[in-house]
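Notes for the structure review
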Amino acid sequence: MTDHTPQTARRVDRVRDRIAIGPNAQSDDRMIIITPNRPALTDPFLIMGEEKFSRPGFDWHPHRGMETVTLVLDGLLEHGDSKGNAGLLEPGDVQWMTAGHGIIHREVAARHEYAHIIQLWLNLPAARKLTPSRYQDLRADNHAVHTRPGVTAQVISGHDGTVTGPARNHWPVLGLLLTLDPKIAYQQVLPADERAFAYVVSGRTTIDGRPVRTGQIAWSDPVAGLDEPTTLDFSNPDAEQPVKILLFSGRPIGEPVVAAGPFVMNTRAEIEQAHRAFRNGAFGTIPRNGSY
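Residues numbered from 1 in each chain as written. Predicted model: local features only at pLDDT ≥ 70, side-chain atom pairs only at ≥ 80, totals over all residues. Heavy atoms only, no water.

Side note on the side chain of Gln 154
With respect to the helices and strands, the residue Gln 154 is situated in strand β15 (residues 151–157). Given a relative accessible area of 16%, Gln 154 falls into the buried group. What Gln 154 contacts, discounting residues up to four positions off in sequence, is Gly 92, Ala 140, His 143, Ala 144, Gly 175, Leu 176 and Leu 177. (Helix = DSSP H or I, 4+ residues; strand = E, 2+ residues; numbered from the N terminus. Buried < 20%, exposed > 50% of the residue type's maximum accessible area, 1.4 Å probe, protein only. Contact = heavy atoms within 4.5 Å.)

Here's the deal with the side chain of Thr 231
Mapping Thr 231 onto the fold places it in strand β24 (residues 230–235). Among all residues touching Thr 231, those that are not within four sequence positions of it are Gln 7, Thr 8, Ala 9, Arg 10, Gln 187, Gln 188 and Val 189.

A look at the packing of aromatic side chains
Tallied over the entire structure, the rule returns nine aromatic pairs. Plain terms: the ring middles of Phe 45 and Trp 219 are 6.5 Å apart, the flat faces sit at 45° to each other, and that makes the pair tilted. Of this pair, Phe 45 sits in strand β5 (residues 45–53) while Trp 219 sits in strand β23 (residues 216–220), placing them 174 residues apart in sequence. Each member of the pair Phe 45 and Trp 219 is classed as buried. Ring centres of Phe 197 and Trp 219 lie 5.4 Å apart, and the angle between their planes is 55°; this geometry places the pair in the tilted category. Of this pair, Phe 197 sits in strand β20 (residues 195–202) while Trp 219 sits in strand β23, and the two are 22 residues apart along the sequence. Look at Phe 197 and you get buried, because its relative accessible area is 0%. Judged by relative accessible area, which is 4%, Trp 219 ranks as buried. (Phe/Tyr/Trp six-rings, centres within 6.5 Å; stacked < 30°, edge-to-face > 60°.)

Some remarks on the pattern of salt bridges
According to the stated counting rule, one finds 10 salt bridges in the structure shown. For Arg 106, the salt bridge goes to Asp 59, with nearest N and O atoms at 3.2 Å. Taken together, the residues span a long stretch of sequence, with Arg 106 in strand β11 (residues 103–109) and Asp 59 in strand β6 (residues 58–63) at a distance of 47 residues. Look at Asp 59 and you get partly exposed, because its relative accessible area is 39%. (Salt bridge = Lys/Arg side-chain N within 4 Å of Asp/Glu carboxyl O.)

Topic: the sheet that holds β11
Spatially, the four strands line up as an open sheet ordered β6-β11-β8-β9, and their pairing is antiparallel. Strands at the two margins of the open sheet, each flanked by one partner only, are β6 and β9 (86–89). Each strand of the sheet is rotated relative to its neighbour by a mean of 20°, with strand direction disregarded. Where strand β8 (residues 77–81) meets β9, four bridges bridge the pair, whose relative direction is antiparallel. Across the sheet, Leu 77 pairs through a bridge with Leu 89, a residue of β9. (Pairing = 2+ DSSP bridges. Axes fitted to C-alpha atoms, helices over the stretch in contact; angles between N-to-C directions.)

Okay, here's the thing in structure tokens:
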């Protein structure tokens, strides 16, 4: 959203390339966009990856203490969980899963064909780590949309001016999928105390005057000592091609992060407790018919 009130411009603090990892037993191709090794630099965002897979995909596995946000870029994604939810997600759809207390779920290419996804892990504050688990399937045609000439902002989560995204949040997060037409400039208004990242899904852009292209992520850290809104400047320098950008922002939680595989807690003792709870069946059971 563009606001005509003069505001402080944010800076881009760093730009990083996604890291190609390559295929493994589950995925045809894997890329890491946000690495988990320095969580204080990405708080409240934990990890983000881009995956292309046909079979077997990500069969039944547990999570606790965090949320996953999965955007389908191409293909069909089939999902199911230990609470009995199941469905198919198409390009543009988003699955917002709150692992919370504990859940077992799966994500596979529908009918073993093909799926191309981006998945982001969001941290939860200690007081909400064990919140009840839930699924939100956010269909593309139900996302709120903010438009202006040459710009489309698909609002997945949070508030963008008068537009509110459909996701229900345990920690306030703005999530947008921006499309900028060729030769278009744009300003996104963001709270000063939030950390933001912009990942270029396709095309090329400049953010705060810095060039950022497909597969790169630009970070803008909180602006210390400022209470007023800020703006992050985007432009599309290409004369022919639009640019598509995944933009998220959220206030850092500022708590210790202890992660072990699919569990993200605050202490090592809580991680051990999560393993015991999973082994003891506290996350539920896998449905007999796990397919959609």
